[in-house]
Amino acid sequence: MKIVSDRFLVNGMLGGLARKLRMLGFDAEFSSDDDSVLIRYRSRAENRIVLTKHAELAKSLGDRAWLVSGAGTGEEFHSVVPLLRRITGPADPLSRCLDCNSRLEKITREDARDTTPHYSWVRADHFTRCTDCNKTYWKGTHHKRMLDEIREMKKQLAR
Ligand SMILES: [Zn+2]
């Protein structure tokens, strides 16, 4: 398979997989749309590899699709590892919004005050905000869990 893009369009019931890819820093748009004409169109218009469980759609897209298998997000991620290994562009972990895929930008503690729970705001020292949906991220307990998850995914990619 020729790698035609390092950007993805995650299709179907694979929202968890899209979040994992975003966590690693990959540009992973999500569409639950099962209109294959629309998915094919978006793949070409936005130059994205479609990650899908629909065998027919994957087949019709050729190099522009990767057939995802497995039950649950962990297995689904495992099934795209061979594809991710071939993508050379370095992904920048925690640089994208997990909810909407847009870029995160660093903000000051003061800017984060209104959108961060007080308990976390007092303790965290690093804040970022989504440039599109405005969701605020900070380094707290969930952040440590995410780093563990990223480490685990990177281990799989390196093998
Ligand atoms: Zn967002």
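Given the structure is predicted, the values throughout are model-derived calculations rather than measurements. (Residues numbered from 1 in each chain as written. Predicted model: local features only at pLDDT ≥ 70, side-chain atom pairs only at ≥ 80, totals over all residues.)

Caption draft 1: Inspection of the domain arrangement of the protein chain at higher detail. Under the domain assignment, the protein chain is made up of domain 1 (7-85) and domain 2 (104-158). Here domain 1 and domain 2 have C-alpha centroids that lie 25 Å from each other. Taken together, the contact pairs 8 residues of domain 1 with 6 residues of domain 2. Looking at the side of domain 1 that touches domain 2, the elements that each hand over two or more residues are helix H1 (15-24) and helix H4 (73-85). Ranked by residue count, the leading element in the side of domain 1 that touches domain 2 is H4, at 5 residues. Here the residues of the side of domain 1 that touches domain 2 are counted per class, giving 5 nonpolar, 1 polar and 2 charged. (Domains from an automatic or database assignment. Contact = placed C-beta atoms within 7 Å. Helix = DSSP H or I, 4+ residues; strand = E, 2+ residues; numbered from the N terminus. Nonpolar A, V, L, I, M, F, W, Y, C, P; charged D, E, K, R; others polar.)

Caption draft 2: Broad picture of the sheet that holds strand E5 (residues 104-107). The antiparallel open sheet is built from 3 strands, whose spatial order is E5-E6-E7. Edge positions in the sheet fall to E5 and strand E7 (136-138), since each of these pairs with one other strand and no more. The sheet shows a mean angle of 35° between the axes of neighbouring strands, direction not considered. Bridging between E5 and strand E6 (residues 127-130) involves 4 bridges; their strand directions are antiparallel. When the bridges of E6 are listed, Ile107 appears paired with Phe127. (Pairing = 2+ DSSP bridges. Axes fitted to C-alpha atoms, helices over the stretch in contact; angles between N-to-C directions.)

Caption draft 3: Spotlight on the environment of Glu149. By secondary structure assignment, the location of Glu149 is in helix H7 (residues 141-158). Glu149 gets classed as partly exposed once you count the C-beta atoms within 10 Å, which come to 17. On a C-alpha basis, the gap between Glu149 and Lys20 in space is 8.6 Å, while along the polypeptide they are 129 residues apart. (Buried ≥ 20, exposed ≤ 12 C-beta atoms within 10 Å, placed from the backbone.)

Caption draft 4: Broad picture of the sheet that holds strand E2 (residues 27-31). The parallel open sheet is built from 4 strands, whose spatial order is E2-E1-E3-E4. Edge positions in the sheet fall to E2 and strand E4 (65-67), since each of these pairs with one other strand and no more. For this sheet the average axis-to-axis angle between neighbouring strands, irrespective of direction, equals 25°. H1 rests against strand E1 (7-11), E2 and strand E3 (49-52) of the sheet, and its axis sits at about 165° to E2.

Caption draft 5: View of the environment of Gly74. When you line up the elements, Gly74 lands in helix H4. The exposure class assigned to Gly74 is partly exposed, which follows from the 16 C-beta atoms found within 10 Å.

Caption draft 6: Region of interest: the nonpolar core. Phe8, Val10, Leu17 and Leu51 are the most contacted members of the largest nonpolar core, which totals 22 residues. Those elements that provide at least two residues to this core are E1, H1, E2, E3 and H4. It is H1 that provides the largest number of residues to this core, a total of 5 residues. The contacts of Leu51, once residues within four sequence positions are left out, are Phe8, Val10, Asn11, Leu14, Leu17, Trp66, Val68 and Val80. (Core = buried A, V, L, I, M, F, W, Y, C linked by C-beta atoms within 7 Å.)

Caption draft 7: The arrangement of the packing of H1 against H4 in detail. At a closest axis distance of 9 Å, the pairing of H1 and H4 adopts a crossing angle of 60°. One element, H1, and the other, H4, form an angle in the oblique class. Pair H1 / H4 crosses with right-handed handedness. Between H1, through Gly16, Leu17 and Lys20, and H4, the contact on the second element is made entirely by Thr73, Glu76 and Phe77. Of the residues that constitute the contact of H1 with H4, the class distribution is 2 nonpolar, 2 polar and 2 charged. (Parallel < 35°, antiparallel > 145°, perpendicular 65-115°, else oblique. Left-handed = near helix turned anticlockwise from the far one by under 90°.)

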